[in-house]
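# Residue-level structural notes
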Amino acid sequence: MDQIFVNLKDWLVALFPAGRQQELVSALISVAALIGTFAGLFALTTVLERKGLGRIQNRYGPNRVGPYGILQPMADGLKALTKEDVVPRSADQVVHFLAPLVLVAPVFLALAVVPMGRNMAAVDFDAGILFFFAVGAATELSVFMAGWSSRNKYSLLGAMRAIAQMISYEVPLILSSLAVIMIAGSLSAVTIVEKQAGYSGLIPHWFVLTPWGFAGFILFMIAAAAESNRSPFDLPEGESEIIAGYYIEYSGFKFALFFLGEYIGLFAASGLAITLFLGGWNAPFPFLTWIPSYVWFFGKLLALIAVFIWVRGTLPRLRMDQLMNFAWKFMLPMALINLLTAGVWHFTPPGLARWIICALLVFGPYVALGRTLFESKKLAKRTYSYAE
Amino acid sequence: MLGEGIIKGMGETARNFFGSYVKEDRLTTVQYPEERLPQKEAARNFPFLVYDGKDWDKGLRCVACQICEKECPPQCIYIVKDATKKPDHIGKMQFQAKVFDIDISVCMSCQICVEVCPFEAIKMDVEYELSTGDRFGQLLLHKDQLAKSNDYYRKIHPTEAAEVDARMGAEKAKAEAKAKPAAATSATPSKP
């Protein structure tokens, strides 16, 4: 059961003559499976997100199309396809057309290195994590292409915000995953997952259950939310300030592609968080290993997406200066301290003492940093000079 | 400590999320086509013509004085006078409208037509499901579409309608009281 998809693929590949042809077919099957699965997951997530946000705001959410509104994505897709595709006359036609494609292609590429089950990574690079971050950085290009080519001040403002945000948060994102790479001693996603297999008693060897891993996981999730422009870091598309940011001149299916790209980017980031910190496709308890590995991976993925939706329903959007302060004054120092803690963890002998030392090493600076940041803030009741 | 507020907020939203499944009264939205909120008495959107009695064409209060047509700021009312006359509620012979059209795609719901009408003939409606497939023909309402009974008016705006009814009743009583001696005086000379 665990290897059903792997065996299916092997059987399909074996139908073709050996050599280059088999390699090609194998790659094509992986790509098709990847795109199919994640496009389906995207459709599911949009409707679940809208329903979840609705419930958070004490509403029903979409409930008209199909039972409990579950067919809503189909209606959305049809609407996106039938809408007129407007391109501004003064827009740079080629770049305007290419921007959504440049967003969607790299995020799917990034998914290729994430292992989704035992033997279920589309490709197993030796430098998989490096590849992930390299193609992940290409989304910035597409965002700026979209913002620049639209020839609209709001879209350019949105694109500039996006660039500032994405570059700032790329640093803590990579630094927080560096701790895992240091401990695992490998850049391959598959090896990192294998390092987290095994249990001591009931407790799995996941990196999130170590002090540096926990801090790294939180930092990674915050940075991933910022990287994929999720609320509370959705400044580049802040509806109330710059209408829709860099999407403003996109309509119809190009907009849907942007939407898709953004969600696939979120899935890729969540997938990497699972790979790095949450033990990949490993079961949380030794007695649950009979459940197929891909079920665990997608279960964890849905759980992380639920957390992102929950955060989106809770937090208001940050201001630009708050965003930058948070990235450079809090996230970056914490990520560096976390890196140091991982080093300390590696060189101290295992035991309770190591655990306590590392926990203090992470928690102490967190409290200190939080306190100093708050003290310099001079929080007080706001007074208005003119309005009432 | 940093992040405390976030945890608190997340708790609050989680409580909302699960609470909305447990307690129905948390859900404040109305599922529109099936459920509707009761109409507010002060609600208004587009004007309609009031008629008394059963037959809308005979009972229409409008006397085609065209005040509303002249006062209408966006000029959405179009009236053509008829040559024949008919009695109004106090028995006086009055003109009537041959054509009375309101283009509700132009109307701005200002209620000025209602305020200037000396005959209580035009009032504001509360009907809001007016979408049609044809934005020119279907949104130009004719006399037969505009005519609505006084009972309907009483139902949608009870307080206002009661005032109007009282005023019109008083006018009618006054006219009858005036008509009686007049009838008596006009009757006496004809007797001999």
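Conventions used here
Residues numbered from 1 in each chain as written. Chains lettered and ligands numbered in written order. Predicted model: local features only at pLDDT ≥ 70, side-chain atom pairs only at ≥ 80, totals over all residues. Heavy atoms only, no water. Phe/Tyr/Trp six-rings, centres within 6.5 Å; stacked < 30°, edge-to-face > 60°. Lys NZ or Arg CZ within 6 Å of the ring centre and 35° of its normal. Core = buried A, V, L, I, M, F, W, Y, C linked by side-chain atoms within 4.5 Å. Buried < 20%, exposed > 50% of the residue type's maximum accessible area, 1.4 Å probe, protein only. Helix = DSSP H or I, 4+ residues; strand = E, 2+ residues; numbered from the N terminus. Contact = heavy atoms within 4.5 Å. pLDDT = per-residue confidence, 0-100. Pairing = 2+ DSSP bridges. Buried area = accessible area lost by both parts, 1.4 Å probe. Salt bridge = Lys/Arg side-chain N within 4 Å of Asp/Glu carboxyl O. Polar contact = N/O pair within 3.5 Å; in protein donor to acceptor, adjacent residues only side chain to side chain. Nonpolar A, V, L, I, M, F, W, Y, C, P; charged D, E, K, R; others polar.

Here the focus is the packing of aromatic side chains. This structure, assessed with the given rule, holds 27 aromatic pairs over all chains. An angle of 65° between the planes, with centres 5.0 Å apart, marks the rings of Phe125 of chain A and Phe131 of chain A as edge-to-face. Of the aromatic side chains, those joined through ring pairs into one cluster are Phe42, Tyr246, Tyr247, Tyr250, Phe255, Phe258, Phe259 and Tyr263 of chain A. In this structure, Lys81 of chain B packs its charged tip against the face of Phe95 of chain B, placed 5.0 Å from the ring centre.

Take the nonpolar core next. Ranked by internal contacts, the top residues of the largest apolar core, which has 80 residues, are Phe38, Phe220 and Ile264 of chain A. Ranked by the residues each element gives to this core, the list is headed by helix H11 (residues 252–276) of chain A, at twelve residues. Discounting chain neighbours no more than four positions away, the residues touching Phe220 of chain A are Phe133, Leu173, Ser176, Ser177, Ala269, Leu272, Ala273, Leu276 and Phe277 of chain A. Leu49, Cys68, Ile122 and Leu141 of chain B belong to the second largest nonpolar core, which has 26 residues in total.

A few words on the confidence of the model for chain B. Per-residue confidence for chain B gives a mean pLDDT of 85; residues scoring 70 or more make up 94%. The weakest mean pLDDT in chain B belongs to helix H7 (residues 158–190) of chain B at 78; the strongest belongs to helix H4 (residues 112–116) of chain B at 91.

All names here are of chain B. Looking at chain direction, strand E2 (residues 77–87) and strand E3 (residues 93–103) are connected through eight bridges and run antiparallel. What sits directly across from Val80, in E3, is Val99. Where E2 folds back on E3, the antiparallel hairpin that results is connected by five residues, among which Gly91 adopts a positive phi of roughly 90°. With two bridges connecting them, E3 and strand E5 (residues 140–141) associate as antiparallel partners. Opposite Asp103, over in E5, you have Leu140 as the bridge partner.

Looking now at the interface of chain B and chain A. Taken residue by residue, the interface counts 20 residues in chain B and 19 residues in chain A. Summed over both sides, the interface between chain B and chain A buries roughly 1,800 Å², with carbon and sulfur atoms accounting for 64% of that surface. Our count for the chain B to chain A interface comes out at one salt bridge. Close ionic contact of Glu34 of chain B with Arg64 of chain A constitutes a salt bridge, the shortest N to O distance being 3.1 Å. Inspection of the chain B/chain A interface yields nine residue pairs in polar contact (both at pLDDT 80 or more). Counted by class, the side of chain B that touches chain A contains nine nonpolar, eight polar and three charged residues.

This brings us to unusual backbone geometry. Residues and elements named next belong to chain A. Notably, Tyr68 is not glycine yet its phi reads approximately 55°, a positive angle. Mapped onto the elements, Tyr68 comes out in the loop between helix H2 (20–56) and helix H3 (72–82). Exposure remark for Tyr68: the relative accessible area of 70% places this residue in the exposed category. For Asn229, which is not glycine, the phi dihedral falls at a positive 55°.

What follows is about the environment of Ile192 of chain A. All names here are of chain A. By the secondary structure assignment, Ile192 is in helix H8 (residues 189–195). Once the C-alpha coordinates of Ile192 and Ile181 are considered, the two residues, eleven residues apart in sequence, prove to be 7.6 Å apart. Once residues lying within four places of it in the same chain are set aside, the contact partners of Ile192 are Ile129, Val180, Ile181, Ala184, Ser186, Phe207, Thr275 and Leu276.

By the element assignment, Ser376 of chain A lies in the segment after helix H14 (352–375). Given a relative accessible area of 54%, Ser376 of chain A falls into the exposed group.

One open sheet holds the three strands; their spatial order is E2-E3-E5 (chain B), and the pairing between them is antiparallel. Strand pairing shows two members of the sheet lacking a second neighbour, E2 and E5 of chain B, which therefore form its edges.

All names here are of chain B. This model, assessed by the stated rule, comprises 18 salt bridges over all chains. As a salt-bridge pair, Arg167 and Glu120 come within 2.5 Å of each other at their nearest N and O atoms. In this pair, Arg167 is assigned in helix H7 and Glu120 in the loop between H4 and strand E4 (122–124), connecting sequence segments 47 residues apart. For Arg167, a relative accessible area of 41% gives the class partly exposed. A relative accessible area of 11% means that Glu120 is categorised as buried. The closest approach of N and O atoms between Arg154 and Asp151, which form a salt bridge, is 2.9 Å. You can see Arg154 and its partner Asp151 sitting in helix H6 (residues 150–156), three residues apart, about one turn around the helix.

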